Amino acid sequence: MGGPLKKYEVTTAHGVKTTMKLNEDDARRMGLLDSGSGEEEQAPQEPETKARASRNKSRTAADKGDG
């Protein structure tokens, strides 16, 4: 149990990519390492470009009108 932690790029069951610090045994149990070598580590992938954030949709004084 324990050991040095390394960073691994993990995709959860819901399809979310995240980075986790795992020891060798946990990484192997999750299928991130080949059973033969303990030195392989998945290289972090380039982050996908974010979608442009929508503007704040709250109403301003100009949007309210006079009436």
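For the structure, see preceding data.
Thresholds, definitions, all that
- Residues numbered from 1 in each chain as written.
- Predicted model: local features only at pLDDT ≥ 70, side-chain atom pairs only at ≥ 80, totals over all residues.
- Heavy atoms only, no water.
- Helix = DSSP H or I, 4+ residues; strand = E, 2+ residues; numbered from the N terminus.
- Buried < 20%, exposed > 50% of the residue type's maximum accessible area, 1.4 Å probe, protein only.
- Polar contact = N/O pair within 3.5 Å; in protein donor to acceptor, adjacent residues only side chain to side chain.
- Contact = heavy atoms within 4.5 Å.
- Salt bridge = Lys/Arg side-chain N within 4 Å of Asp/Glu carboxyl O.

Caption draft 1: The side chain of Asn-23, seen in detail. Structurally, Asn-23 can be placed in the loop between β2 (17–22) and α1 (24–29). According to the relative accessible area criterion, Asn-23 is buried, its value standing at 9%. There is a polar contact of 2.8 Å between the side chain of Asn-23 and the backbone nitrogen of Asp-26. In this view, Asn-23 contacts Gly-2, Gly-3, Pro-4 and Leu-5; residues no more than four positions away in its chain are not counted.

Caption draft 2: Expanded view of the pattern of salt bridges. Summed over the entire model, instances satisfying the criterion amount to two salt bridges. Arg-28 is the partner of Glu-24 in a salt bridge, and the nearest nitrogen-oxygen pair spans 3.2 Å. Linking Glu-24 with Arg-28, this pair stays in helix α1, spanning four residues, or about one helical turn. In this structure, Asp-26 and Arg-29 form a salt bridge, with 2.7 Å as the shortest nitrogen-oxygen distance. Of this pair, Asp-26 and Arg-29 both sit in helix α1, three residues apart, which is roughly one turn of the helix.

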